[in-house]
Amino acid sequence: MKKLLIGLLTLILCLSLIGCDKTNNQSQYADATTVSDIPNETIDTSTEYKTETMKNDESAFEYEIVDGGAVITYFIGYSDGKEHSTDIVVPDKLNGYPVTTIGKLSFQKLQPMTSIILPATVTTIEYGAFFECSKLTSVIGIENVTSIGENAFYGCDVLTNITLPTTLTSIGACAFRDCEKLTSIHIPEGVTRIETETFYNCTSLVDILIPSTVTYICENAFNSCNALTTLTIPDTVTTIEKWAIRECESLTNITWSKNANMVDSAIYDCDALTTFTVPEGVTEMYSKSINDCDNLTSIYLPASLSKIDDTLIFFNEDDEVVTVYAPAGSYAAENAVNDDMKFQAIE
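Nothing here was measured: the structure is a model prediction, and the numbers come from that model.

The rules behind these values
- Residues numbered from 1 in each chain as written.
- Predicted model: local features only at pLDDT ≥ 70, side-chain atom pairs only at ≥ 80, totals over all residues.
- Heavy atoms only, no water.
- Helix = DSSP H or I, 4+ residues; strand = E, 2+ residues; numbered from the N terminus.
- Buried < 20%, exposed > 50% of the residue type's maximum accessible area, 1.4 Å probe, protein only.
- Pairing = 2+ DSSP bridges.
- pLDDT = per-residue confidence, 0-100.
- Contact = heavy atoms within 4.5 Å.
- Axes fitted to C-alpha atoms, helices over the stretch in contact; angles between N-to-C directions.
- Core = buried A, V, L, I, M, F, W, Y, C linked by side-chain atoms within 4.5 Å.
- Polar contact = N/O pair within 3.5 Å; in protein donor to acceptor, adjacent residues only side chain to side chain.

(A) Structural detail: unusual backbone geometry. With a phi close to 60°, Asn 151 is a non-glycine residue in the positive phi region. Positionally, Asn 151 belongs in the loop between strand S9 (147-148) and strand S10 (170-171). Unusually for a residue other than glycine, Ser 224 sits at a positive phi of about 65°. In this structure, Ser 224 sits in the loop between strand S15 (222-223) and strand S16 (230-232). A relative accessible area of 12% means that Ser 224 is categorised as buried.

(B) Representation of the sheet that holds strand S17 (residues 239-240). If you trace the three strands from one edge of the open sheet to the other, you get S12-S14-S17, paired in parallel fashion. Only two strands of the sheet have a single neighbouring strand rather than two, namely strand S12 (193-194) and S17. Of the strand pairs in this sheet, strand S14 (residues 216-217) and S17 are connected by two bridges, and their pairing is parallel. Paired with Tyr 216 across the strands is Thr 239, a residue of S17.

(C) Structural view of the confidence of the model for the chain. Chain-level pLDDT for the chain is 85 on average; 82% of the residues reach the 70-or-more range. Per-residue pLDDT stays below 50 along residues 1-55; that stretch engages in 10 contacts with residues further than four places along the chain or on separate chains.

(D) Focus on the sheet that holds strand S21 (residues 275-277). Taken together, four strands build an open sheet; the order of strands is S21-S24-S26-S27 and the sheet is parallel. Because the sheet does not close on itself, it has two edges, and the strands there are S21 and strand S27 (342-346). Averaged over all adjacent pairs, the angle separating strand axes in this sheet is 20°, with direction ignored. Bridge count for strand S24 (residues 298-300) against strand S26 (residues 323-327) is three bridges, and the pairing is parallel. When the bridges of S26 are listed, Tyr 300 appears paired with Tyr 325. Set on the sheet, helix H3 (residues 331-338) makes contact with S26 and S27; between it and S26 the angle comes to about 145°.

(E) The arrangement of the nonpolar core in detail. Among the nonpolar cores identified, the biggest contains 89 residues, and Phe 107, Phe 130, Phe 153 and Trp 256 are the most heavily contacted of them. Contact partners of Trp 256, with chain neighbours within four places excluded, come to Ile 233, Asp 235, Ile 240, Ile 245, Met 262, Ala 266, Ile 267, Phe 276, Thr 277, Pro 279 and Val 282.

(F) The arrangement of the side chain of Ser 289 in detail. Along the polypeptide, Ser 289 turns up in the loop between strand S22 (284-286) and strand S23 (290-291). In this structure the side chain of Ser 289 is engaged in a polar contact, spanning 2.8 Å, whose partner is the backbone nitrogen of Tyr 286.

Pasting the structure below:
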C-alpha cells in the first residue's frame, strides 16, 4: 500500500512539472513579435525613409581628408549593389568631416544613377565628377558650389535642367559638353570666362544668359547648339576667340559686344544667319570674321571700324556678294567700295 501511494504521488508531481514547462514556454515568447505580426504601417518604405537611410550610409563612399574636409573619390555603391544605385544621397559628413568636394571622376559612367542630392557643405565639383552619367536627370544641392571643373557633366545627355548657384565663379572647359537634352542655362554673376567647348553639342539649348561679369569667350564655347536662335553677348566681353560661335544651325540673331574685336571665323557655319550688325565700338575685324554662313545677305559695319585684315569680301552659299551697310565716308565704306562689294551708305 505504501509503495502504491508513493507511485501515485510521483505521477502527480511529474504531471504538474509538465504543465509548468508549457506555461513557461508560452510566457517566454509571449512578448516576441514576428514580421507577420507587424502592422503594415510600421514598415516605412517611403522615399523619405530611404533618403534618410542613405544619408547615413558612409560605407558607400571612398574619400580623402583634405584641409579638414572630405573629398569623395569613389562611389562604392549601396548594400543592394552598385547596379541598383539609381537615387544617390551624399551625406553631409564622413567620419565626422564635412563633405566639401565631389572629387575627380568619382561618379564617372555610373549608368544606373538618375538623381543625386548633394549636401550644402559641397563647394567644389572636380574634373569629370559626373562624366558620361547617361541617365542622370536631376542634380540637387549645389547652392553653395563655387567651382565646376572641366568635363564635370560631360556626356550627361538626358540632363534637361540645372540651376547654377549665385556662388559660382568658374566653369571648366567641356563642363556641359554633349548634354544634348539641356534646354536652359543661366550663368550667374561672378563667372568671368566661358571656357573651350563648355556648351559644345548642347543641341537642345534654347535659352542661355551670359552675365555682365563675363569678359572672355573661348574657342568652340557654343559649337553645335542647334536649337539656339538668339545669343546676346554683353559689352563686358572683350575677347571672343575663333569658332566661339560655330555650327549653330538655327541661330538668327546675334548681339555682339561693342568692346570685342572680331577675329577670323568668330562666327562660323551658322547657316540661318541672314544679317549681322557689328556694333559701334568695334575697331578691328577680319575679312572672314563671319565665315561660311551660307545665307548671309547683309552686314552692317560701324563708323568706329578702323582696321580690316585682308580684303573685305563676304559671300553666301550661292557665291553672291553680301551687301555691306556702313556710314558714308567711313573706313568701312571706303573698303567696301575699293573691294567692289555691294555697298549701301547709311546715316
